[in-house]
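Read off the chains here:
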Amino acid sequence: MGGVLSRLLLNPVLVLASLAAAVLFGFSSPALASALEPLGGYYLSLLKVVVLPYLFSAIMSGIAHIAADPASRRYLGRIVVVCILAMITAALVGLAAGFVFPPAGQVSGVALAALGDIVNGSSARRFVTDTVVTLSSGSGAPAGTGDNFFENFIPENIFLALSSGDTIKVVLFCAVFGAALSRHLDHGGRTLLGLLQVVQLTSAEIIRGLNLLLPFALFAMISSQVAHVGVGPLISLGGFLLAQLAAAVGLVGISLLLIAQRTGLSPVAAAVRLGDVMMQALTTRSSIACIPQAVDAMTHRLGFARSVTELVLPLCIAINRIGPIFYYVIGAMFIAQIYGVMLEPQEWGILVVAAIGAGIASSGGTGPITVLLIGLVAEPLKLPIEAAVVLFIAVDPIVDALRTVVQVVGNCAVSALIVPVPEKSTDLATASGTATS
Amino acid sequence: MPVMNRRSLVRALGAVALTGLTPLRALAQTLPPDLAALSARGKLVVGMTEADTPPFFSGPGEPHGIDVDIAHAIGAALELPVEFNRGFKTFNDVVNGIALGTVDLATSKISRTFKRSRLVSFSKPYVQLRHALMFNRLRLAQAARGRDVADVTRTFEGSIGVVTGSAWVTFAHEHFPHAKVVEFETWPEVIAAAVSGSVDAGYRDEFEVRRIAIDQPDSAINLRTVAIADARDFISVAVPWTAPQVLAIVDQVIDALPQPYTADLLIDLYRAQSGAAGH
């Protein structure tokens, strides 16, 4: 009975049907749909509460194993190289998508007025000025954003970092601690690793259980988001959304091709096996929350080596930020186009580098925080962001979904390139798209 | 009624006794000269610029608006009919018109400045607005060099667009000594220049700058509006310096106004007006 129920709830047809129903419900009854928003929030919180322990234990034990085993140190070099290549690829695909589908290309007249209305806010507002200043100073020293940039990466208090979900700091701590731990494996280090392993398995078990709630959580989350976004901004920012979609499709396509090439499957078969991971990424819009599912899919269904995947994939999803990178590239192109700025060749280079930097800085952030970091790209190019940020936030629920899918699937491909090629085992022959072990 | 001192009372009674005039007629001869001159003319001529400035004064033909209402209230207090003279191109021209005697007073969204106070007298203000700038967003980003907008505003070195012959030319030189002041014939020309980037910013009061978002929603993409909290624009009625009694009556009329006009209220009035007109 339990088995039938779980297979029913995880059936992709049901999930897709729930998605379609949610979109329709969100459009038809926005008020009711908005009321459902807390339910989606609870589901997401439950997911995240176990994912951080999972991440913590997976990365720490992974690093400890790698540091202790000289043979597997080659992975570290490979991780760095592949990640850098992946980030550059993401930026370039973003550029290409932005050239083929200009994000602000056709905006003029009525569309510009509609965008202006979004920037001004709702009509109930009394059209106040953007800012208020005084001519007699409080002159403070100009706050350089660069000074505090590195504070984002150095952990000061691991428990604080864990409780605030500060992923990069958690990862850095795990790396340092894990490396140090590897020197004490014979003095009780293995016991600690054993404990961490149990934490990992337990977290994964909880997440599997939570997945049974996915169709309902999906309905709550998607319908409330559709109700929030409304149709207006979707139309006005159509070009922007199209460019983002094109880049996302391109990067997911490249990723599936790479995975297919490494496993000997067809890209479609690879897509099917990663189907539920992609669905979870689209709906939860939290790449961290998808990690256990992704590890499961890569190891059980695609046959990659478990121990290495369990280190590489969580690490890459946490800090190899290919999702935000293409988003920032297209966002910057949108701003340049809407203000009629023609970028010089060296400015394109600055754009790519700044987008990669902003992507790395966005680790652990969500939604509006991620959007605001586009300032890191705009500032060196001397582009204004205040108006554009309001527009981007208006459609962020959709674009965040695209970023997350690319972040998860893209890093699955990165992991596929690093982890040893799987043996052709019975796992692959019997694995189906719906099974969870 | 003017307060009468002992001497004039004696004179008045003497006049009654000597000339047989009725007491009322005798009192009339002691009206302050400025009021007497107006009574003799039989009407109150109020000056306004020719360009419409809603919701202060606008309308083809007979104007309507806040300034029109105040003018009528002054006319009622002086027991005189009001006639509007809108033959003035700029705000400075209206002020000069008072000094030259072409008009008796001006309710024309006149800003009180030191320069103008040397020519005319100003009533107490009936509207107080903060100064405001509208920056071209792209120009601002290019000039900012990492500073925030408050710092850029304080040491502004770019070009500021203002309406020619208005108080804003004076204010711009006073508050932004390092900036280059560019004068335009009309306010819509200033807005267009700021939107296109031919000037770095436009400068006027908070109400006019906020109003742009209502008239041209797409301007929000190109313009960043900034209100200046510690720079204020006082809108007053201007009267000739030779008319102190008229000035006192105008002050009373302003005291009797039902509500203080704030920028928020002006925005609401303007939206109601332009909504009705189908803008």
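Residues numbered from 1 in each chain as written. Chains lettered and ligands numbered in written order. Predicted model: local features only at pLDDT ≥ 70, side-chain atom pairs only at ≥ 80, totals over all residues. Heavy atoms only, no water.

Caption draft 1: Spatial organisation of the pairing of strand β7 (residues 180-184) of chain B. Residue and element names in this part refer to chain B. Bridging between strand β6 (residues 159-163) and β7 involves five bridges; their strand directions are parallel. In the strand pairing of β7, Ser159 is matched with Lys180. Assessed by its sense of winding, the connection that carries the chain from β6 through helix α9 (residues 167-175) to β7 is right-handed. (Pairing = 2+ DSSP bridges. Helix = DSSP H or I, 4+ residues; strand = E, 2+ residues; numbered from the N terminus. Right-handed = clockwise from strand over helix to strand, strands pointing away.)

Caption draft 2: Inspection of the confidence of the model for chain B at higher detail. All names here are of chain B. Taken residue by residue, chain B gives an average pLDDT of 88. The fraction at 70 or more is 91%. Here helix α2 (residues 23-28) stands out as the least confident element of chain B, with mean pLDDT 52; β6 is the most confident, with 96. This prediction of the complex comes with two scores: 0.80 for pTM and 0.74 for ipTM. (pLDDT = per-residue confidence, 0-100.)

Caption draft 3: Fine view of the side chain of Ser255 of chain A. By secondary structure assignment, the location of Ser255 of chain A is in helix α12 (residues 238-263). Not counting chain neighbours up to four residues away, the residues in contact with Ser255 of chain A comprise Val409, Gly410 and Ala413 of chain A. (Contact = heavy atoms within 4.5 Å.)

Caption draft 4: Seen up close, the interface of chain A and chain B. The partner chain B presents 34 residues to the 32 residues of chain A that form the contact. In total, chain A and chain B occlude about 3100 Å² of area from one another, counting both sides; carbon and sulfur atoms represent 59% of this. In this structure, the salt-bridge partner of Glu386 of chain A is Arg224 of chain B, at a minimum N-O distance of 3.2 Å. Inspection of the region where chain A meets chain B yields 13 residue pairs in polar contact (both at pLDDT 80 or more). Here the side of chain A that touches chain B gets seven residues from one element, more than from any other, and that element is helix α6 (residues 110-120) of chain A. Residue composition of the side of chain A that touches chain B, by class: 16 nonpolar, nine polar and seven charged. (Buried area = accessible area lost by both parts, 1.4 Å probe. Salt bridge = Lys/Arg side-chain N within 4 Å of Asp/Glu carboxyl O. Polar contact = N/O pair within 3.5 Å; in protein donor to acceptor, adjacent residues only side chain to side chain. Nonpolar A, V, L, I, M, F, W, Y, C, P; charged D, E, K, R; others polar.)

Caption draft 5: Here's a closer look at the confidence of the model for chain A. All names here are of chain A. Across chain A, pLDDT averages 81, with 86% of residues at or above 70. Of all helices and strands in chain A, the one with the weakest mean pLDDT is helix α23 (residues 426-430) (41), whereas helix α17 (residues 322-338) scores best (93). Considering only residues more than four positions removed or in separate chains, one finds that residues 139-147, a stretch of pLDDT under 50, has one contact. Scored below 50 in pLDDT, residues 425-437 shows 17 contacts in the model against residues more than four places distant or in partner chains.

Caption draft 6: Spatial organisation of helix α8 (residues 167-181) of chain A. Residue and element names in this part refer to chain A. With 15 residues, α8 should cover 21 Å at 1.5 Å per step; its first-to-last C-alpha distance of 20 Å lies within 8% of that length. Among the residues making up α8, those that are buried are Thr167, Ile168, Lys169, Val170, Val171, Cys174, Gly178 and Leu181. Check the buried side of α8 and you find it contacts α4 (37-68), α7 (158-163), α9 (189-211), α16 (306-319) and α18 (345-361). (Expected span 1.5 Å × (residues − 1). Buried < 20%, exposed > 50% of the residue type's maximum accessible area, 1.4 Å probe, protein only.)

Caption draft 7: The arrangement of the side chain of Arg137 of chain B in detail. Of note, Arg137 of chain B is situated in helix α7 (residues 137-144). You can call Arg137 of chain B buried: its relative accessible area is 3%. At a separation of 3.5 Å, a polar atom in the side chain of Arg137 of chain B contacts the side chain of Asp130 of chain A. In this view, Arg137 of chain B contacts Val119, Asp130, Tyr339, Pro384, Glu386 and Ala387 of chain A together with Ala220, Ile221, Asn222, Leu223 and Arg224 of chain B; residues no more than four positions away in its chain are not counted.

Caption draft 8: Region of the structure containing unusual backbone geometry. At the junction of Pro54 of chain B and Pro55 of chain B, the peptide bond is cis and its omega measures out at -5 degrees in the coordinates. Of note in this structure, Lys382 of chain A is not a glycine but carries a positive phi near 55 degrees. Taking the relative accessible area as the measure of exposure, Lys382 of chain A reaches 37% and is therefore partly exposed. For Lys109 of chain B, which is not glycine, the phi torsion reads 45 degrees and is therefore positive. Its location among the elements puts Lys109 of chain B in strand β3 (residues 105-111).

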